[in-house]
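# Observations on the model geometry
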Amino acid sequence: MTTKTKKKKNRYRLGIVIIVSLFILIVSFVAYMNNTTLEDVLNDKYDNNIVVHQDDYAQNQSS
């Protein structure tokens with residue numbers, strides 16, 4: 001009877017650890033995605049060899 005009780009407690013604690021770790025992973029991912037732009041990541045990885053979006057592209061083409 002005591003071995004069954006111990007197994008249930010271990011499963012329950014393992015489940016809590018998994019849920020908490022997934023929650024932390026999701027929260028950290030969402031915080032990273034909200035605070036980091038794609039342009040920043042591309043500039044860090046590829047320096048100046050990549051073309052990024054320009055807000056005033058249409059104005060530059062007409063002049």
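Please read all numbers here as calculations on a predicted model, not as lab measurements.

Here we come to the overall build of the chain. Helix and strand content of the chain: three helices and zero strands. Along the chain, helices (α) and strands (β) appear in the sequence α-α-α when read from the amino end. Residues classed as buried in the chain amount to 0% of the 63 residues present. Accessible area for the chain stands at about 6500 Å²; split by element, carbon and sulfur atoms hold 61% of it.

So, about the environment of Thr 36. Counting through the fold element by element, Thr 36 comes out in the loop between α1 (2–35) and α2 (38–46). Thr 36 gets classed as partly exposed once you look at its relative accessible area, which sits at 25%.

With that settled, consider the confidence of the model for the chain. Averaged over the chain, the pLDDT score is 77; the fraction of residues at 70 or greater is 57%. Looking across the chain, the model is least confident in helix α3 (residues 57–62), with a mean pLDDT of 62, and most confident in α1, with 84.

Calculation notes
Residues numbered from 1 in each chain as written. Predicted model: local features only at pLDDT ≥ 70, side-chain atom pairs only at ≥ 80, totals over all residues. Heavy atoms only, no water. Helix = DSSP H or I, 4+ residues; strand = E, 2+ residues; numbered from the N terminus. Buried < 20%, exposed > 50% of the residue type's maximum accessible area, 1.4 Å probe, protein only. Areas by Shrake-Rupley, 256 points an atom, 1.4 Å probe, with all protein chains shown as cover. pLDDT = per-residue confidence, 0-100.

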